[in-house]
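# Analysis of the macromolecular model
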Amino acid sequence: MKAPAKTKTRVVMKFGGTSVANIERIRAVAQRVKREVDAGNEVAVVVSAMSGTTNQLVAWCGELSPLYDAREYDVVVASGEQVTCGLLAIALQTIGVNARSWLGWQIPVESDDAHGKARITRIRTEDMIARFAQGQVAVVAGFQGVGQDNRVTTLGRGGSDTSAVALAAALKADRCDIFTDVDGVYTTDPRIVAKARKLDKISYEEMLEMASVGAKVLQIRSVEMAMKHGVRLQVLSSFEDKPGTLVVDEDEIMEQELVSGIAYSRDEAKITLLKVADRPGVAASIFGPLADANINVDMIVQNVSESGDTTDMTFTVSKADFERAKQVIEGQRNQVQFAGMIADSNVVKVSVIGVGMRSHAGIAQRMFKALAEKGINIQVISTSEIKISVLVAEEYTELAVRALHTAYGLDAA
Ligand code: ADP
Ligand code: ASP
Ligand code: MG
């Protein structure tokens, strides 16, 4: 079917887990969608699973086997979004809105075969666009796609944001609105810092960095994709009618703060290999097999021992990959030869983000001082051009984030 030319405003609306947590909320979402339809717009709605559902599904897989088959994991965890997209389509029909549901494979949302964290490669939109022309709303199951292997894939936790932005890019939508349980992007997680400040605008670069270090308000890939395709992205409340936060180009932001935000990620686990031989090729023999097993390594530090012939190597992986990472490393014992392994998942990564860091010295020092004043020990440090991250014991999460928020002058008046 050839898609007719676009004449109306086209919007993609995405509703997260809390926004579709029960039937009453799904009804409220349907009303919000209807307003967009009544305004004469073409609408695609992307939904997450009801809050808590995906965690439960993930836990069931792990209960059966910590080393589950990732293809079957995807079949299980993708099911949450199937329920909500069907329910929202019914809710819309009930209030007189022409709507139908779409699962990932039906559109299709094509992805690679990296089960559990697949990347979208292409979205076909002809059918959907033809139905827009007939006044139909598309209700799309977020988080899911179909792999080259013709099996269900999922896009990584929080992946419905990416489904929405990818769909907005493919549909050349005028807007992509991410409705969630907070009313925008803040200087830090407003749930742990009461003095967090809401930002009217944030640059793609800073949002990308915030997302990459754990601010789960947007999944990192959704920001990457919005930046690449120039998608007009907005984060706003699904409960209150008020302006949210616009994600824009850096040059659209008039006054740039030195530090724009603080983020944390509890999704970290630390592995230390003791007395690893200090010779060429060792890092490759540790990190090569981890990469082959599709395990992303985040922070890395290496210390040379006193004797100079061995080194301790510490790195972090996500909690979901922790067990597998330990197994992969054990399997390398003959090649790598290390005296022991210490594994610790009671850690959190706390990060300070700001494009102002490119041109100002002393930002890291302020971070170390603020943490020291609270007696918080830093285990690992990593930096990029516009970010500094430290790994600390998990029990200090709130204390560290609040101390840094104050230290950089971010507290609301
Ligand atoms: P959804 O289910 O709608 O996708 P998420 O739980 O994935 O919602 O993301 C929203 C949550 O992100 C908020 O409830 C908040 O606790 C958290 N969050 C973390 N950092 C920030 C931040 N800087 N600004 C706003 N929210 C943040
Ligand atoms: N339901 C999925 C998750 O909890 C995807 C999403 O909500 O974005 O990770
Ligand atoms: Mg989310």
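Since we're looking at a predicted model, the values are computed, not measured. Within every chain, residues take consecutive numbers counted from 1 along the sequence as written. Numbering of ligands from 1 and lettering of chains from A proceed in the order in which they are written. Note on the predicted model: pLDDT of at least 70 is required for a residue's local features to be given, and 80 or more for side-chain atom pairs to be given and counted; whole-chain, interface and lining totals, by contrast, use all residues. In computing side-chain properties, one takes all heavy atoms of the structure into account and sets aside hydrogens as well as water.

Before going further, it helps to spend a moment on the environment of Q332. The residue Q332 is located in the loop between helix 10 (322-331) and helix 11 (333-336) in this model. Three exposure classes are used, based on accessible area relative to the maximum for each residue type with a 1.4 Å probe and protein chains only: buried under 20%, partly exposed in between, and exposed over 50%. Classification of Q332 as buried rests on a relative accessible area of 15%. Contacts are assigned to residue pairs with any non-hydrogen atoms lying within 4.5 Å of each other. In this view, Q332 contacts S285, P289 and Q337; residues no more than four positions away in its chain are not counted. Helix and strand definitions follow DSSP, with helices as H or I runs of at least four residues and strands as E runs of at least two, each counted in order from the N terminus.

As a further point, take the nonpolar core. Side-chain atoms within 4.5 Å link the members of a nonpolar core, which is a set of buried Ala, Val, Leu, Ile, Met, Phe, Trp, Tyr and Cys residues. V12, M128 and C176 are the most contacted members of the largest nonpolar core, which has 43 residues in total. Per element, the largest residue contribution to this core is six residues, and it comes from helix 6 (residues 160-171). Once you skip the residues sitting within four places of it in the chain, V12 turns out to touch A44, V46, A164, L167, A168, L171, A173, R175, C176 and D177.

Turning next to the pattern of salt bridges. Think of a salt bridge as a Lys or Arg side-chain nitrogen and an Asp or Glu carboxyl oxygen that are within 4 Å of each other. For the coordinates displayed, the defined rule picks out 28 salt bridges. The partner of D183 in a salt bridge is K242, and the shortest N-O contact between them spans 2.8 Å. With a gap of 59 residues between them, D183 in the loop between strand 9 (175-180) and strand 10 (201-203) and K242 in the loop between strand 11 (233-237) and strand 12 (245-248) connect regions that are remote in the sequence. Classification of D183 as buried rests on a relative accessible area of 9%. With a relative accessible area of 34%, K242 lands in the partly exposed category. Taking the shortest distance from any N to any O, the salt bridge between E394 and R266 comes out at 3.5 Å. Here R266 lies in strand 13 (residues 261-277) and E394 lies in the loop between strand 18 (387-393) and helix 13 (397-407), a separation of 128 residues in the sequence. Its relative accessible area of 22% is what places E394 among the partly exposed residues. Since its relative accessible area comes to 31%, R266 is described here as partly exposed. Look at the salt bridges and you will find they share partners, linking R32, E36, R175 and D177 into a network.

Empty space left among the atoms is revealed by rolling a probe the size of a water molecule over them. A cavity here means a set of 1 Å grid points, computed over protein atoms only, where a 1.4 Å probe fits but cannot escape. A pocket is an open set with protein on both sides within 12 Å along at least 5 of 7 lines, and lining residues have an atom within 4 Å of a point. Grid points are joined across faces, edges and corners, and a volume is the space filled by probe spheres set on the points. All told, the structure shown has one cavity of 30 Å³ or more when counted by the stated rule. Each pocket or cavity is described by its volume, and for the largest cavity that value is around 40 Å³. Residue lining of the largest cavity: V46, I107, V109, I123, V140, S163, A164 and L167, and that is the complete set. When residues of the lining of the largest cavity are assigned to their parent elements, the largest contribution, three residues, is made by helix 6. Here the residues of the lining of the largest cavity are counted per class, giving seven nonpolar, one polar and no charged. For this classification, Asp, Glu, Lys and Arg are treated as charged, while Ala, Val, Leu, Ile, Met, Phe, Trp, Tyr, Cys and Pro are nonpolar and the rest, including Gly, are polar.

Let us now look at the packing of helix 1 (residues 23-38) against helix 4 (residues 79-94). To define axes, lines are fitted to C-alpha atoms, for helices over the stretch in contact only, and angles between the resulting N-to-C directions are given on a 0 to 180 degree scale. Where helix 1 contacts helix 4, the two axes come as close as 9 Å, and the packing angle between them is 60°. Considered as vectors, helix 1 and helix 4 are oriented oblique to each other. The crossing of helix 1 and helix 4 is right-handed. Here I23, I26, V29, A30 and V33 of helix 1 lie close against helix 4, whose contacting residues are L87, L88, A91 and L92. Working rule for angles: under 35 degrees goes down as roughly parallel, over 145 as roughly antiparallel, 65 to 115 as roughly perpendicular, anything else as oblique. For a crossing to be left-handed, the near helix must be turned anticlockwise from the far one by less than a right angle; the clockwise case is right-handed.

One heavy atom within 4 Å of a molecule or strand is enough for the residue carrying it to be called near that molecule or strand. The environment of ligand 2 is formed by S48, A49, T54, E81, F143, R157, G158, G159 and S160. Between N or O atoms, a polar contact is any pair within 3.5 Å; within protein, one atom must be a potential hydrogen donor and the other a potential acceptor, and residues adjacent in sequence are included only when both atoms are from side chains. A distance of 3.1 Å separates an oxygen atom of ligand 2 from a polar side-chain atom of S48. For ligand 2, a nitrogen atom lies 2.8 Å from a polar atom in the side chain of T54. When the residues that make up the shell around ligand 2 are grouped by side-chain class, the tally is two nonpolar, five polar and two charged.

The subject of this paragraph is the pairing of strand 9. Across the six residues that make up strand 9, a large majority, five, are buried. Whether two strands pair comes down to DSSP finding at least two bridges between them. Direction of pairing for strand 1 (residues 10-15) relative to strand 9: parallel, over a ladder of five bridges. Bridge pairing in strand 9 links F15 to F179. For strand 9 and strand 11, the ladder comprises five bridges, and the chain directions are parallel. Bridging across to strand 11, C176 finds its partner in L233.

Of all residues adjacent to ligand 1, which total 17 residues, the nearest are T180, D181, Y186, D189 and R191. G17 places a polar main-chain atom, nitrogen or oxygen, 3.0 Å from an oxygen atom of ligand 1. A 1.4 Å probe and the Shrake-Rupley method give the accessible areas. Residues count as covered only by the protein chains that appear here. Contact with the protein chains removes 89% of the 570 Å² of surface that ligand 1 exposes when unbound. When the residues that make up the shell around ligand 1 are grouped by side-chain class, the tally is seven nonpolar, five polar and five charged.

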